[in-house]
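Per-entry structural report
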Amino acid sequence: MLDYRRFKEINDLFASGQPERARRLLMELQSRCIALRDEMSMLKVRLQTFEDIFYLSRNLYAENGFYWLRTAGAKQGPFCTHCYESEGALIRLEKNGGQLRCPYCDSSYAGSARDSGGHADSGLPLRQARILPFAK
Ligand SMILES: [Zn+2]
């Protein structure tokens, strides 16, 4: 915390003809103010993070194998199950023909999110045959 009595102390030092001591005290207070401002910025970021987590915990829900977000009465989504469960990221799925595809992790999900179910595949690329060179 900032001790506001120090400002009176600085004023008294100037008034009593000790400008060098007053200036030193002023510089000390300035550096304390800068540190407090930095701490306040960091706390604001943390508060915003907690507000976001709280908002998500109240408005994110799973339905038919996908994640959805309730915003101002509207339903947003579907979001990629793989990205949310592995990284906590909400990535909206894009329609790609008859499938839904994640633009971030490239997982594809069969069917439409409005259908009953729509199960997710593993999100892993198809395994290809490995070519083993003959030993010489
Ligand atoms: Zn994804």
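So, here's what we can say about the structure. Quick caveat: nothing in here was measured; it's all calculated off a predicted structure. (Residues numbered from 1 in each chain as written. Predicted model: local features only at pLDDT ≥ 70, side-chain atom pairs only at ≥ 80, totals over all residues. Heavy atoms only, no water.)

Further remarks concern the overall build of the protein. For the protein, the helix and strand inventory stands at three helices and six strands. Taken from the N to the C terminus, the helices and strands of the protein come in the order α-α-β-β-β-α-β-β-β. Residues counted as buried form 21% of the 136 residues belonging to the protein. Intrachain contacts of the protein at a sequence separation of at least 6 include 22% that bridge at least 24 residues. Working note: accessible area of the protein is about 10,800 Å², and carbon and sulfur atoms make up 56% of it. (Helix = DSSP H or I, 4+ residues; strand = E, 2+ residues; numbered from the N terminus. Buried < 20%, exposed > 50% of the residue type's maximum accessible area, 1.4 Å probe, protein only. Contact = heavy atoms within 4.5 Å. Areas by Shrake-Rupley, 256 points an atom, 1.4 Å probe, with all protein chains shown as cover.)

Ranked by size, the top nonpolar core spans 10 residues in total: Tyr 61, Phe 66, Trp 68, Cys 80, Cys 83, Ile 91, Leu 93, Leu 100, Cys 102 and Tyr 109. Counting six residues, the second largest nonpolar core, distinct from the first, contains Leu 2, Leu 13, Leu 25 and Leu 29. (Core = buried A, V, L, I, M, F, W, Y, C linked by side-chain atoms within 4.5 Å.)

Moving on: the coordination of the zinc ion. The protein atoms that coordinate the zinc ion are Cys 80 (SG), Cys 83 (SG), Cys 102 (SG) and Cys 105 (SG), at distances spanning 2.2 to 2.3 Å. Of note is the zinc ion, whose four donor atoms meet at the metal with angles of 105 to 115° in an arrangement that counts as tetrahedral. Taking relative accessible area as the criterion, Cys 102 reaches 0% and is therefore assigned buried. (Donors = N, O, S within 2.8 Å, 3.2 Å for Na, K, Ca; no water. Tetrahedral: all angles 85-135°; square planar, octahedral: opposite > 155°, others 65-115°.)

In space, the three strands of this open sheet follow the order S4-S5-S6, with antiparallel pairing throughout. Both outer strands of the open sheet, strand S4 (94–96) and strand S6 (108–109), are each paired with one neighbouring strand and no more. Direction of pairing for S4 relative to strand S5 (residues 99–101): antiparallel, over a ladder of three bridges. Within the sheet, the bridge partner assigned to Asn 96 lies in S5 and is Gln 99. (Pairing = 2+ DSSP bridges.)

It is worth spelling out the pairing of strand S2 (residues 66–71) at this point. Look at any regular strand and the pattern is simple: side chains alternate between the two faces of the sheet. Bridge analysis of strand S1 (residues 60–63) against S2 gives four bridges, and the strand direction is antiparallel. Bridge pairing in S2 links Leu 60 to Leu 69. In sequence, S1 turns back onto S2 through a hairpin of two residues, with Asn 64 there showing a positive phi of about 55°. With four bridges joining them, S2 and strand S3 (residues 74–79) adopt antiparallel strand pairing. Along S3, the bridge assignment pairs Thr 71 with Ala 74. In this structure, the hairpin formed by S2 and S3 is closed by a connection of two residues, where Ala 72 is found at a positive phi of approximately 45°.

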